[in-house]
Every structure is written in structure tokens, then in C-alpha cells.
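Overview (structure and organization)
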Amino acid sequence: NSQTDEINRIEAGKNYGWPTCEGNCNTAGMTNPVKTWSTSQAGPTGIGFYKNALYVGAVTGKRVWKIPVNGTSLGTPQAVFTSYGRVRAVAPAPDGTLWLGTSNQDNNGSPTANDDRIISTDG
């Protein structure tokens, strides 16, 4: 909400803390997220699984976070696609590429002549 953005591995019956906890916490009965960021670095918007990694759009952080996946474990997030501004959507495409959608034309973005757009990339 105001301090920590997160990714959770959703399982039935688990309590992920909101609004009692934001990010990791030690409150009994709460399940901690698997990855967290400060809100200035993320603002997660869309997520896609592509080539053994999660790609998480970060509208506030103006990037995509690439997180390697190994079974049920997540690796270290790496900032990628940092030159497109506010990334609103991320999705694997039918042609085998990864698509990104930008959202810079609203009151929170810094639009360029080519915004908003859908970008096709190989990840």
C-alpha cells in the first residue's frame, strides 16, 4: 500500500496479512511474501511467466522485474526494460515473444511521441 510491494505464492487458506502486515512480518498466522520491493521500485501491474522466469511490470518503478524460477523457488530479481517508462502489462505472446504494454499518457507518466504502445521483445 505505502511501503512495500510484494509477490505472494497463493495457497488456499493462507492469510497474506493485508491490512495487518505489509511485506514481511512476524504476526502469527500470516504468510510472508516470496519477494518484496519498496513501492518506489515496483508498483506491480502485470505478471507473465516466460522462458523460466517471472516478468513483473512495474508502473511506479518504470521497469520490468525479471525473476528466475527454479521449481518452486525464485531467484534474485533483475531490473530489465528500464527505458520504456511505466510498464502496465506483461504477457507471453503466441509467437514466442514477450509483450510489454506501457502506460505513460496518464497524469503520472512522462509521455514521448511513441507512447502508449505494445512492445514485442525476446525477453
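What you are looking at is a predicted structure, and each value in this text was computed from that prediction instead of being measured.

A few words now on the overall build of the protein. When helices and strands are tallied, the protein shows zero helices and ten strands. Scanning the protein from its N terminus toward the C terminus, one meets helices and strands in the order β-β-β-β-β-β-β-β-β-β. For 123 residues, the compact-globule estimate of 2.2 N^0.38 gives 14 Å, and the C-alpha radius of gyration of the protein, at 15 Å, lies within 12% of that figure. Seen through its principal axes, the protein has C-alpha atoms that stretch 50 × 35 × 20 Å. Taking all 123 residues of the protein together, the buried fraction comes to 38%. Of the roughly 7100 Å² that the protein leaves accessible, carbon and sulfur atoms contribute 46%.

A separate point is the state of the cysteines. Taken as a whole and judged by the stated rule, the model has one disulfide. Here C21 connects covalently by a disulfide to C25, the sulfurs 2.1 Å from one another. Around the S-S axis, the bridge from C21 to C25 shows a dihedral of about 75° and counts as right-handed. Each member of the pair, C21 as well as C25, carries the same accessibility label: buried.

Attention now goes to the pairing of strand 10 (residues 118-121). Here strand 10 shows a clear split, with I119 and T121 buried on one side and none of I118 and S120 buried on the other. As paired strands, strand 9 (residues 98-102) and strand 10 are joined by four bridges and run antiparallel to one another. If you follow L98 over to strand 10, its bridge partner there is T121.

This paragraph deals with the packing of aromatic side chains. The final tally for this structure, using the stated rule, is three aromatic pairs. Ring centres 5.6 Å apart and planes at 35° place the aromatic pair W37 and W65 in the tilted group. Of this pair, W37 sits in strand 2 (residues 35-38) while W65 sits in strand 5 (residues 63-70), and the two are 28 residues apart along the sequence. Pairing F81 with Y84 gives two aromatic rings, centres 6.3 Å apart and planes at 25°, and the pair type is stacked. On the accessibility criterion, F81 (17% relative accessible area) is buried.

Here is what the cut-offs are and how they apply
- Residues numbered from 1 in each chain as written.
- Predicted model: local features only at pLDDT ≥ 70, side-chain atom pairs only at ≥ 80, totals over all residues.
- Heavy atoms only, no water.
- Helix = DSSP H or I, 4+ residues; strand = E, 2+ residues; numbered from the N terminus.
- Rg over C-alpha atoms; globule rule 2.2 N^0.38 Å.
- Buried < 20%, exposed > 50% of the residue type's maximum accessible area, 1.4 Å probe, protein only.
- Areas by Shrake-Rupley, 256 points an atom, 1.4 Å probe, with all protein chains shown as cover.
- Disulfide = S-S within 2.5 Å.
- Pairing = 2+ DSSP bridges.
- Phe/Tyr/Trp six-rings, centres within 6.5 Å; stacked < 30°, edge-to-face > 60°.

Read these as geometric descriptors, not functional statements.
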